[in-house]
Amino acid sequence: MSAPQNRRSLFLGRLPLPERNFLTNALRTETVGGVLLLIAAIAALIWANAFGDSYEAVRGFHLGPASLGLNLSLEHWAANGLLAIFFFVAGIELKRELVAGELRDPKAAALPVIAALCGMAMPALVDLVVNGIGHGSLDGWAVPTATDIAFALAVLAVIGTSLPSALRAFLLTLAVVDDLFAILIIAVFFTSQINFLALGLAVVGLGVFYLLLRKGVRGWYVYVPLGVVIWALMENSGVHATIAGVAMGLMLRCAPREGETHSPGEHIEHLVRPLSAGLAVPLFALFSAGVAVSGDAVREVFTRPETLGVVLGLVVGKTLGIFGGTWLTARFTRARLNPDLKWPDLFAVATLAGIGFTVSLLIGELAFGDNPALAEEIKASVLLGSLIAAGCATILLKLRNNKYRALLAEEERDEDRDGIPDVYEEGDPAYHLRMAAMLEAKAAEHRRLAEVASGAEPGDDGPA
């Protein structure tokens, strides 16, 4: 009678050990980067509100060779230059997920992919409905579609919740798919005039990059200059320059071959991720998140359709889209939820995914670049919407934190001290023999202590 139930796939179940180890290392870096991102955002707000003139002067300062079309402001360098590093890492993450991670199996990938798609479609729909009713501009429909995994992890680090690795993996997979579609949105909807010569040369450069990788050519001194040239050509082509970073990341080999501990893509990601999370994204936040905060500004966010649509898209659209898409997919497929978790846990994670910072700010700048005043208000709405989503997620996650702490402790328990959590060794006879030897040694020691205590009792009045 239970056979059909057993044939159903388990959703949010235990991760394979290699995937869990990779996830742990990746999330550790992202969490540190997220805290730096949070600090940079706060610094930007303080700087912009306390010393607004100097903030505008610094982020508007231009530098770079004008003859190459690269005389850009610091704000532009941060958005188009530094974020190319962020999207390069995103490209590697996506490639790895496709060949070795959660997305390699179409059946297993269905739930997070559908959840991510619904989690992008619903915020866009909410934004369009709000602006349609309020007769606002529809140009910002894509702003609330993105999730910022680093900022979300920073919130988890600050509130101290012990989220199980399966929920963290689901959040990371959501963010990877989210990044992919955000990239497509930027490429398709925010490319106006194209310089086909520059674009063609950028494609040629990517072809050379690919051939060098396939020939096994090594050396950062080859790829870094080539990558900079490709980026510069893409910047001049009219296509957003971050697309170059994604394309190069997707070209790396992310499946280890025989005799390799890590693939080249994983190795490069390990080297570049700290640069992305610790420098590129925080600097982007420093030059993009500085908006004037006042009672009038906050009131404007909730009364103007363009900004209200962003806030509701992040807080309501993201949550309903991810949770609804996941629940419906699980309801009408063979997927069943991990019995250690409940649907309210997924709802809390869906709420956490409403934190849309880095890519949302970038899309806001692209969508309203011809209206600087509205662009600043959109930034304020992204910050406020992310703050509300973080607050709601904090309350929901804290309600179950004791349960999460117990699940995480069980995941990390390593009684035989071999560096591998015990839950991954339950089917290994060697593990049980090691545990038996350890318990027998403990039992022998306790028998000896019992004999000593028993022998010392008769006539023993204790020390004088």
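- Per an unreviewed UniProt entry, the protein goes by Na(+)/H(+) antiporter NhaA and derives from Streptomyces catenulae.
- Taken verbatim from the UniProt record of the protein, the Catalytic activity (unreviewed entry) comment is "Na(+)(in) + 2 H(+)(out) = Na(+)(out) + 2 H(+)(in)".

## Side note on the pattern of salt bridges
For side chains of opposite charge, pairing can occur when their charged atoms come near one another.
And then number 1: Taken as a whole and assessed by the stated rule, the structure comprises 15 salt bridges.
And then number 2: The partner of Arg 96 in a salt bridge is Glu 266, with the nearest N and O atoms 3.0 Å apart. Here Arg 96, found in helix H4 (residues 74–99), pairs with Glu 266, found in helix H11 (residues 264–288); they are 170 residues apart in sequence, far enough to count as distant. A single burial state applies to Arg 96 and to Glu 266, both of which are buried.
And then number 3: Linking Lys 379 and Glu 376 is a salt bridge whose minimum nitrogen-to-oxygen distance equals 3.4 Å. Separated by 3 residues within a single helix, Lys 379 and Glu 376 lie in helix H16 (residues 372–399), roughly one turn from each other.
And then number 4: Residues joined by salt bridges that share partners form a network here, namely Glu 56, Arg 59, Glu 75, Glu 365, Glu 376 and Lys 379.

## Here's the deal with a nonpolar patch on the surface
And then number 1: A cluster of nonpolar side chains, contributed by Met 122, Leu 125, Val 129, Ile 133, Leu 312, Val 316, Leu 320 and Phe 347, occupies part of the molecular surface with about 660 Å² of accessible area.
And then number 2: Where the nonpolar patch is concerned, the elements lending two or more residues are helix H5 (106–134) and helix H13 (305–331).
And then number 3: For the nonpolar patch, the leading source of residues is H5, giving 4 residues.
And then number 4: With respect to the element layout, Met 122 can be found in helix H5.
And then number 5: By relative accessible area, Met 122 is classed as partly exposed at 30%.

## Side note on the environment of His 76
And then number 1: Positionally, His 76 belongs in helix H4.
And then number 2: What His 76 contacts, discounting residues up to four positions off in sequence, is Gly 81 and Glu 235.
And then number 3: In this structure the side chain of His 76 is engaged in a polar contact, spanning 3.0 Å, whose partner is the side chain of Glu 235.

## Things to note about helix H9 (residues 220–237)
And then number 1: Taking 1.5 Å as the rise per residue, H9 with 18 residues should run 26 Å; its terminal C-alpha atoms sit 25 Å apart, in good agreement.
And then number 2: Buried within H9 we find Tyr 223, Leu 226, Gly 227, Ile 230, Trp 231, Ala 232, Met 234, Glu 235 and Ser 237.
And then number 3: On the buried face of H9, the contacting elements are strand E3 (72–73), H4, helix H8 (196–214) and helix H10 (242–251).
And then number 4: Gly 238 lies just past H9 and shows a positive phi near 100°.

## Focus on the packing of aromatic side chains
And then number 1: For the coordinates displayed, the defined rule picks out 9 aromatic pairs.
And then number 2: An angle of 20° between the planes, with centres 5.4 Å apart, marks the rings of Trp 77 and Trp 231 as stacked. Here Trp 231 lies in helix H9 and Trp 77 lies in helix H4, a separation of 154 residues in the sequence.
And then number 3: Geometrically, the ring pair formed by Trp 141 and Phe 189 is edge-to-face, given 5.1 Å between the ring centres and 85° between the ring planes. Of this pair, Trp 141 sits in the loop between H5 and helix H6 (149–159) while Phe 189 sits in helix H7 (residues 165–189), placing them 48 residues apart in sequence.
And then number 4: Residue classification places Trp 141 among the partly exposed positions, given a relative accessible area of 21%.
And then number 5: A network of ring pairs unites the aromatic residues Phe 323, Trp 343 and Phe 347 as a single cluster.
And then number 6: Over the ring of Phe 332 we find Arg 331; its NZ or CZ atom is 5.3 Å from the centre of that ring.

## With respect to the nonpolar core
And then number 1: In this structure, Leu 12, Phe 87, Phe 170, Leu 352 and Phe 357 are the most contacted members of the largest nonpolar core, which totals 110 residues.
And then number 2: Broken down by element, this core gets its largest block of residues, 13 residues, from H7.
And then number 3: With sequence-adjacent residues up to four places away left out, Phe 87 is seen in contact with Ile 183, Ile 186, Thr 242, Gly 245, Val 246, Val 359 and Leu 362.

What counts, and at which threshold
- Residues numbered from 1 in each chain as written.
- Predicted model: local features only at pLDDT ≥ 70, side-chain atom pairs only at ≥ 80, totals over all residues.
- Heavy atoms only, no water.
- UniProt positions renumbered as here; feature names shortened; annotations may be inferred.
- Salt bridge = Lys/Arg side-chain N within 4 Å of Asp/Glu carboxyl O.
- Helix = DSSP H or I, 4+ residues; strand = E, 2+ residues; numbered from the N terminus.
- Buried < 20%, exposed > 50% of the residue type's maximum accessible area, 1.4 Å probe, protein only.
- Patch = residues over 30% accessible without salt bridge, like charges linked within 9 Å, V, L, I, M, F, W, Y side chains within 5 Å.
- Areas by Shrake-Rupley, 256 points an atom, 1.4 Å probe, with all protein chains shown as cover.
- Contact = heavy atoms within 4.5 Å.
- Polar contact = N/O pair within 3.5 Å; in protein donor to acceptor, adjacent residues only side chain to side chain.
- Expected span 1.5 Å × (residues − 1).
- Phe/Tyr/Trp six-rings, centres within 6.5 Å; stacked < 30°, edge-to-face > 60°.
- Lys NZ or Arg CZ within 6 Å of the ring centre and 35° of its normal.
- Core = buried A, V, L, I, M, F, W, Y, C linked by side-chain atoms within 4.5 Å.

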